[in-house]
Amino acid sequence: MKHYNVVEKFISINGEGQRSGELAVFIRLAKCNLRCNYCDTMWANEENAPVTAMTKEDIYNYILDTKVKNITLTGGEPLLDREVKDLIEYIVKDKSLFLEIETNGSIDLNLFRSDAKNLSFTMDYKGPSSEMEKFMFIKNFETISHKDTVKFVVGDYNDLLKAKEIMEKYDLMNRCSVYFSSVYKKIELDEIVEFMKKFNLNGVRLQLQMHKFIWGNKQGV
Ligand SMILES: C[S@@+](CC[C@H](N)C(=O)[O-])C[C@H]1O[C@@H](n2cnc3c(N)ncnc32)[C@H](O)[C@@H]1O
Ligand SMILES: Nc1nc2[nH]cc(C(=O)O)c2c(=O)[nH]1
Ligand code: SF4
Ligand SMILES: [Mg+2]
């Protein structure tokens, strides 16, 4: 039977998703194909990360036990394994739940899409300062939908400029939600706001990792 490698599962408020501020249950899968220099969960990508092997039924039953309706599937990179599609379909069959997937922008989302209204993708665009930009799967911008969010993770002014260029090139403002998310403690937050003002970036949402304001950079929150 198929098992998924879960490195942690917990309940918190969603600190950076579409439903940030609301309760969410987090399922974090092991391993990642990228190595962003700012990654706050690098431990989940290590060979010796402590994993619990869970079936889709185990994961779904855990979610039901929590009584929390928003689920964030994250990692590591949650879409590394194609069979995660099975897990996604199993969860979204339950229309009382809402599943959000945090993905790094390097994976073809078409392999995982579904018509389910209770599923959305929050896809990063890793800017130049991450040193991972070359791995971005640009074709995802052709299929991005209104249910989805593109999150530009910005660490410096150059990342902001790149975000603006990509938004304009793919007309993202009219096609999905667009977030600017700061690399934690790397960039002055007012620099992001000044950039948004300077270029009239109506509709872009500045998103700060709310959980780090509450607990700092910690596991399990
Ligand atoms: C840990 S990643 C896991 C999901 C997936 N690998 C990805 O990168 O989207 C979850 C989110 O945390 C963000 N993140 C990681 N480290 C960060 C940091 N130091 N500051 C701000 N955001 C960070 C990532 O950009 C991503 O949006
Ligand atoms: N509270 C909280 N909210 C989050 N939203 C996305 C997270 C992630 O690591 O993907 C995350 C996380 O790690 N903690
Ligand atoms: S893609 Fe996500 S999990 Fe992987 S290194 Fe980057 S931030 Fe960390
Ligand atoms: Mg996190």
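Residues numbered from 1 in each chain as written. Chains lettered and ligands numbered in written order. Predicted model: local features only at pLDDT ≥ 70, side-chain atom pairs only at ≥ 80, totals over all residues. Heavy atoms only, no water.

**Student:** How would you sum up the site of ligand 1? Please name residues and give values.
**Tutor:** Ligand 1 sits among 21 residues. The nearest are Tyr38, Gly76, Asp124, Lys126 and Lys151. In this structure, tyrosine 38 approaches ligand 1 through a main-chain N or O atom, which is 2.8 Å from a nitrogen atom. Between ligand 1 and lysine 126, the relevant distance is 2.7 Å, taken from an oxygen atom to a side-chain nitrogen or oxygen of the residue. Relative to its unbound accessible area of 540 Å², ligand 1 is 94% covered by the protein chains. Judged by the fraction of its atoms near the pocket grid, ligand 1 is located in the largest pocket. Mapped by element, the contributors of at least two residues to the shell around ligand 1 are β4 (70–75), β5 (98–103), β6 (119–126) and β7 (149–154). When grouped by side-chain class, the residues that make up the shell around ligand 1 number 5 nonpolar, 8 polar and 8 charged. (Near = heavy atom within 4 Å. Polar contact = N/O pair within 3.5 Å; in protein donor to acceptor, adjacent residues only side chain to side chain. Areas by Shrake-Rupley, 256 points an atom, 1.4 Å probe, with all protein chains shown as cover. 1 Å grid on protein atoms, 1.4 Å probe; cavity = no way out; pocket = protein on both sides within 12 Å on 5 of 7 lines; lining within 4 Å. Sits in = over half its atoms within 2 Å of the grid points. Helix = DSSP H or I, 4+ residues; strand = E, 2+ residues; numbered from the N terminus. Nonpolar A, V, L, I, M, F, W, Y, C, P; charged D, E, K, R; others polar.)

**Student:** Go over the pattern of salt bridges, please, and point to the residues and values.
**Tutor:** What the rule picks out here adds up to 14 salt bridges. One salt bridge connects aspartate 148 with arginine 113, and the closest N-O pair in it is separated by 3.1 Å. One end of the pair, aspartate 148, is in the loop between α3 (140–143) and β7; the other, arginine 113, is in the loop between β5 and β6, and 35 residues separate them in sequence. Among the residues examined, aspartate 148 registers a relative accessible area of 0% and is labelled buried. When the shortest N-O distance is used, the salt bridge between glutamate 168 and lysine 164 registers 3.2 Å. (Salt bridge = Lys/Arg side-chain N within 4 Å of Asp/Glu carboxyl O. Buried < 20%, exposed > 50% of the residue type's maximum accessible area, 1.4 Å probe, protein only.)

**Student:** Before we move on, could you go through the site of ligand 3 and cite the residues and values that matter?
**Tutor:** Every residue lining ligand 3 is accounted for by Cys32, Leu34, Arg35, Cys36, Cys39, Asn45, Gly76, Asn104 and Lys126. When atom positions are compared with the pocket grids, ligand 3 is found to occupy the largest pocket.

**Student:** Tell me what's going on with the packing of helix α4 (residues 157–169) against helix α5 (residues 189–198), and back it up with residues and numbers.
**Tutor:** As a packed pair, α4 and α5 sit with axes 11 Å apart at the nearest point and diverge in direction by 35°. Between α4 and α5 the crossing geometry is right-handed. Two secondary-structure elements touch here, α4 through Tyr157, Leu160, Leu161 and Lys164 and α5 through Glu191, Ile192, Phe195 and Lys198. Here the residues of the contact of α4 with α5 sort into 5 nonpolar, no polar and 3 charged. (Axes fitted to C-alpha atoms, helices over the stretch in contact; angles between N-to-C directions. Left-handed = near helix turned anticlockwise from the far one by under 90°. Contact = heavy atoms within 4.5 Å.)

**Student:** Just give me the short version of the packing of aromatic side chains, but keep the residues and values in it.
**Tutor:** One pass over the full model with this rule turns up 8 aromatic pairs. Both rings, one in tyrosine 125 and one in phenylalanine 152, keep their centres 5.7 Å apart while their planes meet at 50°; by these two values the pair is tilted. Remark: phenylalanine 152 occurs in strand β7 and tyrosine 125 occurs in strand β6; sequence separation between them is 27 residues. Both residues of the pair, tyrosine 125 and phenylalanine 152, count as buried. Seen in terms of ring centroids, phenylalanine 152 and phenylalanine 180 are 6.1 Å apart; in terms of plane orientation they differ by 90°. Their pairing is edge-to-face. Separated by 28 residues along the polypeptide, phenylalanine 152 in strand β7 and phenylalanine 180 in strand β8 (residues 177–182) bring together distant segments of the chain. Of the two residues, phenylalanine 152 and phenylalanine 180, both sit in the buried class. Among the aromatic residues, those joined into a ring-pair cluster are Tyr125, Phe141, Phe152, Tyr170 and Phe180. Lying over the aromatic face of tyrosine 4, lysine 2 brings its terminal NZ or CZ to 5.1 Å of the ring centre. Above the plane of the ring of tyrosine 62 lies lysine 9, whose end atom (NZ or CZ) is 5.1 Å from the centre. (Phe/Tyr/Trp six-rings, centres within 6.5 Å; stacked < 30°, edge-to-face > 60°. Lys NZ or Arg CZ within 6 Å of the ring centre and 35° of its normal.)

**Student:** Give me the lowdown on the layout of surface pockets, citing residues and values where you can.
**Tutor:** For the largest pocket, the calculated volume is near 790 Å³. Residue lining of the largest pocket: 43 residues in total, with Glu16, Arg28, Asp40, Thr41 and Gln209 positioned closest to the centre. Contributing elements (two or more residues each) for the lining of the largest pocket: β1 (4–13), β2 (23–29), β4, β5, β6, β7, β8 and α6 (210–215). In this structure, the second largest pocket spans a volume of roughly 180 Å³. Taken together, Lys2, His3, Tyr4, Asn5, Leu29, Ala30, Lys31, Glu77, Pro78, Leu80, Asp81 and Val84 form the lining of the second largest pocket. In terms of residue class, the lining of the second largest pocket is made up of 6 nonpolar, 2 polar and 4 charged. (Points joined across faces, edges and corners; volume = space filled by probe spheres on them.)

Keep in mind that these numbers describe shape and distance, not what the molecule does.
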